[in-house]
Amino acid sequence: MNKKNSSTAQKAVQENSGEVAQEANSCCGSLRRTTGQLERRDPSSVHKAVQEHYGKWAEENDTCCGQAGGADEKLDNILYPQELLAGLPTDIANFTAGSGDPISVAGLKPGEVVLDLGSGGGLDCYLAARQVGATGHVIGVDMTPEMIRRARASAERLAVRNVEFREGYLEDLPVEASSVDVVVSNCVINLSPDKLRVFAEVFRVLKPGGRLSVSDIVTNRPLSADKRADREEWCGCVAGALSHKEYVDALTGAGFVDIRVSPNIEMIEKAMESGLARVESNKKLSNEEILEHIRNWDNLEGYMFTPHTITARKPA
Ligand SMILES: C[S@@+](CC[C@H](N)C(=O)[O-])C[C@H]1O[C@@H](n2cnc3c(N)ncnc32)[C@H](O)[C@@H]1O
């Protein structure tokens, strides 16, 4: 979680009050609900907006790439257990736009092949690389050239040999069929304008029995067309988020089994405890009240956007 930016997780908690949701007024939403099915529409405008947003983000935070390493920078990434980040230069360890820790959830084993969807600055790839070891391999895919450049530079600096970064789209993965043991992703799938295609691609590249471990933002109810249409909110991991049911249905439709979509309460609590999460609400909700809403969010009026952990498996 980068201190120079309101991270995705912070933003999610801020939005959790439900009172701060802004109404959208433009039109780049690409998921449309008509007969209860998610449909595909106009992917390119969303890709472009997201790419521009994260390209700028990578460049604006490009303070230490290639330098000895942010020694004066404090480690302030609260998404992962601190021991997992041990030994990484702080500028690399802090560079995240994620919403959770899909690496610990994945239970990686030595020798496994891991694919990170939307690898950004590459942090999850470096963490995965340590766990799969020299006999394993990690592939990061991202569509934003500035992110790929940054990730490759960091890999070089860290002298990590079992990681590679490929420029490409989640909807058309530059990865061979049935070649991956574990697909991980950290706060990216919500950004895709064609999630059905993404899940079909993930299913294609996983080996039989392969697993999916994702951190993502999920809503308490399907978003209105107006809400979906807000490009800025889309880039901020809000307007493209699926509801719990939409997530489960989409994964089921793609052929996955053992699907779990659960709120990451620990992550939300950590953000609140550390003071990183600010609560903005017309009703001035306390942290306890917000957590209570998260636990019973079906009854909440308006939208909530919370970090979730999603796991699933391709049948063997
Ligand atoms: C919120 S950032 C998360 C980055 C990284 N996973 C992390 O935890 O820091 C989203 C990243 O996903 C990439 N991305 C978003 N949509 C994508 C798509 N459809 N195909 C490929 N990359 C995408 C963006 O370029 C960006 O680097």
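Residues numbered from 1 in each chain as written. Predicted model: local features only at pLDDT ≥ 70, side-chain atom pairs only at ≥ 80, totals over all residues.

**Description of the overall build of the protein chain**
Now for step 1: From N to C terminus, the protein chain includes 13 helices and 10 strands.
Now for step 2: Split into buried and exposed, the 316 residues of the protein chain put 50% on the buried side.
Now for step 3: For the protein chain, the share of sequence-separated contacts (at least 6 apart) that also reach a separation of at least 24 residues comes to 75%. (Helix = DSSP H or I, 4+ residues; strand = E, 2+ residues; numbered from the N terminus. Buried ≥ 20, exposed ≤ 12 C-beta atoms within 10 Å, placed from the backbone. Contact = placed C-beta atoms within 7 Å.)

**Considering the site of the ligand**
Now for step 1: As a structural note, the neighbourhood of the ligand is formed by 26 residues, with Gly98, Gly118, Gly120, Thr144 and Asn186 the closest of them.
Now for step 2: Breaking the shell around the ligand down by element, the ones donating at least two residues are helix H2 (43-60) and helix H6 (123-132).
Now for step 3: Top element by residues in the shell around the ligand is H2. It accounts for 4 residues.
Now for step 4: Of the residues belonging to the shell around the ligand, the class tally is 11 nonpolar, 12 polar and 3 charged. (Near = placed C-beta within 6 Å. Nonpolar A, V, L, I, M, F, W, Y, C, P; charged D, E, K, R; others polar.)

**Some details on the packing of helix H12 (residues 265-273) against helix H13 (residues 287-295)**
Now for step 1: Running from N to C, H12 and H13 cross one another at 165°; their axes reach a closest spacing of 11 Å. Between H12 and H13, the crossing angle belongs to the class labelled roughly antiparallel. Read as a crossing pair, H12 and H13 show a hand that is right-handed. Along its contact with H12, which presents Ile265, Ile268, Glu269 and Met272, the element H13 presents Asn287, Leu291 and Ile294.
Now for step 2: Considering only residue class, the contact of H12 with H13 consists of 5 nonpolar, 1 polar and 1 charged. (Axes fitted to C-alpha atoms, helices over the stretch in contact; angles between N-to-C directions. Parallel < 35°, antiparallel > 145°, perpendicular 65-115°, else oblique. Left-handed = near helix turned anticlockwise from the far one by under 90°.)

**Digging into the confidence of the model for the protein chain**
Now for step 1: Predicted confidence across the protein chain gives a mean pLDDT of 81, with 78% of residues reaching 70 or more.
Now for step 2: This stretch, residues 12-43, has a pLDDT under 50; its non-local contacts, to residues over four places away or in other chains, come to 87 contacts. (pLDDT = per-residue confidence, 0-100.)

**Details of unusual backbone geometry**
Now for step 1: Despite not being glycine, Cys237 has its phi angle at roughly 70°, a positive value.
Now for step 2: Structurally, Cys237 is set in the loop between helix H10 (231-235) and strand E8 (242-243).
Now for step 3: Note on Cys237: 27 C-beta atoms within 10 Å, which makes it buried.
Now for step 4: Of note in the backbone geometry, Asp258 takes a positive phi value of approximately 50° without being a glycine.
Now for step 5: The residue Asp258 is located in strand E9 (residues 257-263) in this model.
Now for step 6: Classification of Asp258 as exposed rests on a count of 12 C-beta atoms within 10 Å.

**Comments concerning the nonpolar core**
Now for step 1: Core analysis: the biggest nonpolar cluster contains 82 residues, and Val114, Leu115, Ala128 and Val183 have the highest contact counts within it.
Now for step 2: In terms of residues, this core owes the most to one element, H6, which gives 7 residues.
Now for step 3: Sequence-distant contacts of Val114, that is, excluding residues within four places in its chain, are made with Leu108, Ala128, Val132, Val138, Asp181, Val182 and Val184. (Core = buried A, V, L, I, M, F, W, Y, C linked by C-beta atoms within 7 Å.)

**Some words on the pairing of strand E6 (residues 180-186)**
Now for step 1: Of all the 7 residues making up E6, 7 are buried; the element is thus mostly covered by neighbouring parts of the structure.
Now for step 2: Both strand E3 (residues 113-117) and E6 contribute to a ladder of 4 bridges, which runs parallel. Of the residues in E6, the one forming a bridge with Leu115 is Val183.
Now for step 3: Pairing analysis gives 6 bridges linking E6 to strand E7 (residues 206-219), with the strands arranged parallel. Paired with Val183 across the bridge in E7 is Leu212. (Pairing = 2+ DSSP bridges.)

**Quick notes on H6**
Now for step 1: The element H6 is extensively covered by neighbouring structure, given that 8 of its 10 residues are classed as buried.
Now for step 2: By the burial criterion, the buried members of H6 are Leu123, Asp124, Cys125, Tyr126, Leu127, Ala128, Ala129 and Val132.
Now for step 3: Directly after H6, the chain includes Gly133, whose backbone phi takes a positive value near 70°.

**Here we look at H12**
Now for step 1: The set of residues buried in H12 consists of Met267, Ile268, Ala271 and Met272. Projected down its long axis, H12 carries its buried residues within an arc of 135°, all on one side. Away from its buried face by more than 90 degrees, H12 exposes Glu266 and Glu273. (Arc of directions from axis to C-beta.)

**Remarks on the environment of Asn264**
Now for step 1: Note on placement: Asn264 falls in the loop between E9 and H12.
Now for step 2: Separated by 30 residues in the primary sequence, Asn264 and Ile294 have C-alpha atoms spaced 9.8 Å apart.
Now for step 3: Not counting the four nearest positions on each side in its chain, Asn264 is found in contact with Gly100, Ser215, Pro307, His308 and Thr309.

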